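Overview (structure and organization)
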Amino acid sequence: MSAEEPSAIRAVALAKTFTGADATVEAVRGVDLDVRRGEIFGFLGPNGAGKSTTVRMLTTLTTITSGSASVAGVDVAADPDGVRHRIGVALQEAGLDPRQTGRELLVLQARLFGMSSPEAAVRAQELLELVELTDAAHRRIKGYSGGMKRRLDLASALVHQPDVLFLDEPTTGLDPASRLTVWDEVRRVNANGTTVFLTTQYLEEADQLCDRIAIIDAGIIVREGTPWALKKELRQRRTLAEDPTLDDVFMDATGRRERVAGEVKEVHA
Amino acid sequence: MSMPSVVLGQRAVRETLRTPDSLVPTLFIPLFFLVVNVGQAARIFPGDDTEFLFGQSYAAFQLPVSLLLAASFGSAALYLVEEIEGGYFDKLRATPISRMSIVMGRLYAEFAKTMVLSAAMIVIAFLFDVHMASGVAGFLVLVLMISLWAVVFSGFLQIIAMKTRSAAATQAGSLIFFPLLFLTPNFVPRPLLTRPMEIAATLNPVTYIMEAARALILEGFQWGEIARGYLVVGLAMALMLTLSVRVVSRYD
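Residues numbered from 1 in each chain as written. Chains lettered and ligands numbered in written order. Predicted model: local features only at pLDDT ≥ 70, side-chain atom pairs only at ≥ 80, totals over all residues. Heavy atoms only, no water.

Some words on the nonpolar core
- Core analysis: the biggest nonpolar cluster contains 129 residues, and B:L142, B:W149 and B:M162 have the highest contact counts within it.
- For this core, the element with the most residues is helix α7 (residues 135-164) of chain B, which contributes 14 residues.
- Every residue in contact with B:L142, bar those within four places of it in the chain, is listed here: B:L67, B:I122, B:M132, B:A213, B:L216 and B:I217.
- Counting 31 residues, the second largest nonpolar core, distinct from the first, contains A:V28, A:V35, A:A69 and A:A214. (Core = buried A, V, L, I, M, F, W, Y, C linked by side-chain atoms within 4.5 Å. Buried < 20%, exposed > 50% of the residue type's maximum accessible area, 1.4 Å probe, protein only. Helix = DSSP H or I, 4+ residues; strand = E, 2+ residues; numbered from the N terminus. Contact = heavy atoms within 4.5 Å.)

Quick look at helix α3 (residues 58-71) of chain B
- A rise of 1.5 Å per residue sets the reference length of α3(B), with its 14 residues, at 20 Å; its end C-alpha atoms lie 21 Å apart and thus fit the reference within 8%.
- Buried residues dominate α3(B), accounting for 14 of its 14 residues. (Expected span 1.5 Å × (residues − 1).)

Re the packing of aromatic side chains
- This structure, assessed with the given rule, holds 13 aromatic pairs over all chains.
- When the centroid spacing of 5.7 Å and the interplanar angle of 20 degrees are considered together, the rings of B:Y58 and B:F61 count as stacked. Taken together, the positions of B:Y58 and B:F61, both in helix α3 and three residues apart, correspond to about one turn of that helix.
- Taken together, A:F41, A:F43, A:F166 and A:F197 form an aromatic cluster joined through their ring pairs.
- Between the NZ or CZ atom of B:R214 and the centre of the ring of B:F61, over which it lies, the distance is 3.5 Å. (Phe/Tyr/Trp six-rings, centres within 6.5 Å; stacked < 30°, edge-to-face > 60°. Lys NZ or Arg CZ within 6 Å of the ring centre and 35° of its normal.)

A word on the pattern of salt bridges
- Throughout the structure, instances matching the rule amount to 29 salt bridges over all chains.
- Notably, a salt bridge pairs B:R14 with A:E104, separated by 3.6 Å at the nearest N-O pair. Note that B:R14 is positioned in helix α1 (residues 3-18) and A:E104 in helix α3 (residues 102-112), a pairing that runs across two chains.
- On the accessibility criterion, B:R14 (26% relative accessible area) is partly exposed.
- Exposure remark for A:E104: the relative accessible area of 18% places this residue in the buried category.
- Residues B:R93 and B:D90 are paired through a salt bridge, measuring 3.0 Å at the closest nitrogen-oxygen approach. With B:R93 and B:D90 both in helix α5 (residues 88-93), this residue pair falls three residues apart, about one helical turn.
- When its relative accessible area of 0% is taken as the criterion, B:R93 is described as buried.
- Via salt bridges that share partners, A:D97, A:R99, B:R11, B:E15, B:E82, B:E83 and B:R106 belong to a single interconnected network. (Salt bridge = Lys/Arg side-chain N within 4 Å of Asp/Glu carboxyl O.)

Laid out in structure tokens, this is it:
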């Protein structure tokens, strides 16, 4: 990578420890990441592996215990506001205000990013058209379906045309048709030059969408590369007779299952 | 007032208007208490024969209690904790605005709501033969003081919401209004209370807001009492804002 083109996301020994009254949990234990500008980067891992905590640190929502991170060339700890100007965030819960209409939510989001009222109205209309919610724009969000909420959440993350878009499990709980719609939106956003950092539990989703992936388990990165390279590495290492899937790579990386000659058997609880 | 606070305040006002069911108890429970308390004690304290009523009805003496009760029915903290649980609070925290703006937006709306509701309650109280001894100016000073107190009370509940992230804990925290409101000279002036009750009322900051409100309604511009009322509101506001800044900036 050239010096003129810094990484979209860079993390060095990133760690997060939660200290409670009766326990200390090391949620993330020294993660190194280097996400290139313009790529779709998949961040995979089992439940509780540290995916969301990593995203929350990179998006300034959670403080960093140790290590460092920069997003769009801006240091997360030193200039969190600078990072917030450059990122879009759609979190796991599709956090939306149910009492507002879709249009009001987008206008508000645009105003919070410094747009004037007329600019915000224009941008909201553009985004409603982009995510095909124009007909529902006047309705309150509490009446939206799960898929509509995800699309609106995605639209609100794009309101200021961010350099880097963080999507934390954007298709969890969606039906297959809605999932495909979100995939299309992600591809379209990425085609316009936005770097996408995507966490998902759906390996097919990562295989379809991502240029590169990292697998995190118990707070550390256990695999990183293109889906193709990771599958090839597993096939060669295990001398498998057929091409493994990304599921196999995931199971192998997280030590939960071992695939042998086409069969999958449990090796750990 | 920062622009983000204003647009977030406008959103909170819209939210209030869209949930009129949340306004009903704020208006009617205090009015209910006014009617019941006056019904129980008005004959004990006749207006023309009770020194501390200054010629007005007992309803005038009770009105500040109802206004302060209305001020403690703010919905800001409950909506905030709902947003924390639903994830929208994080969405707002990921925008490049001062985190205090998120807190202040709802408090501006609480201020506006209480201005309207307390003004309405005072106008309704006129039907009970209450009048403002301090006139229109006193009416405005009274509404302003009650509305600022509503902001303080809601602000402290928002702090509980951010610290606990729990709707149940936030609702439980709102029960503080019981001792704050009832360990006061709410039925008779302080000198007529029993000694232990008088000590409790003297230590309770709400007493001084209540006495300032009573002065405006019953006596006119008694500057000493009004100043004490506003001083209590001002000090509580400063404490609330200081704690809010601390809690929202450390929210992780």
